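So you can see what is in the structure, the chains are spelled out below.
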Amino acid sequence: VQLVESGGGLVQPGGSLRLSCAASGFTFSSYGMRWYRQAPGKERELVAAISSADGSTAYADSVKGRFTISRDNAKNTVHLQMNSLKPEDTAVYYCNAGRLITRSNYWGQGTQVTVSS
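Let us look at the structure shown here. (Residues numbered from 1 in each chain as written. Predicted model: local features only at pLDDT ≥ 70, side-chain atom pairs only at ≥ 80, totals over all residues. Heavy atoms only, no water.)

## Here's the deal with the sheet that holds strand 1 (residues 2-6)
To summarise the sheet geometry, strands pair through backbone hydrogen bonds and adopt either a parallel or an antiparallel arrangement.
Line of reasoning, step 1. Strand order in the open sheet formed by four strands is 1-3-8-7, and the pairing between neighbours is antiparallel. Among the strands making up the open sheet, the edge pair consists of strand 1 and strand 7 (67-72). Neighbour-to-neighbour, the strand axes of this sheet turn through a mean angle of 15°, independent of strand direction.
Line of reasoning, step 2. Across six bridges, strand 3 (residues 17-24) lies against strand 8 (residues 77-82) in antiparallel orientation. (Pairing = 2+ DSSP bridges. Helix = DSSP H or I, 4+ residues; strand = E, 2+ residues; numbered from the N terminus. Axes fitted to C-alpha atoms, helices over the stretch in contact; angles between N-to-C directions.)

Here is the structure:
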């Protein structure tokens, strides 16, 4: 099983980034996908989630209206489009795959996002 994130980097406040997570080794379409982030000295927090069943999405209040999660089951990828970035969005962003019925839970290695002028 592999989850490989990409797309992180340094961006100025107000800018945009698109994170991608490429999945392999499991039945991607059967898993709910999530993006988490962890800033220095803080706990890891859930940013966005997209279901396997109907593609419904959910967001943390702090990113609603700015971030969009999407998935492409044909390419086994999940994306996080991040717009209007703020310095407080600076964190390591992690891709997560979960399936309750099998109690499966997988993590990527993370990608650094830094929002600074």
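## Focus: the environment of Ser-24
Line of reasoning, step 1. By secondary structure assignment, the location of Ser-24 is in strand 3.
Line of reasoning, step 2. Setting aside anything within four residues of it in sequence, one finds Ser-24 in contact with Val-1 and Gln-2. (Contact = heavy atoms within 4.5 Å.)

## Brief notes about the state of the cysteines
Line of reasoning, step 1. All chains considered together, the criterion is met by one disulfide.
Line of reasoning, step 2. Here Cys-21 engages in a disulfide with Cys-95; their sulfurs sit 2.1 Å apart. Where Cys-21 bonds to Cys-95 through sulfur, the torsion about that S-S bond is close to -80°, and the disulfide is left-handed. With a gap of 74 residues between them, Cys-21 in strand 3 and Cys-95 in strand 9 (residues 91-99) connect regions that are remote in the sequence.
Line of reasoning, step 3. On the basis of relative accessibility, which here comes to 0%, the residue Cys-21 falls in the buried class. (Disulfide = S-S within 2.5 Å. Buried < 20%, exposed > 50% of the residue type's maximum accessible area, 1.4 Å probe, protein only.)

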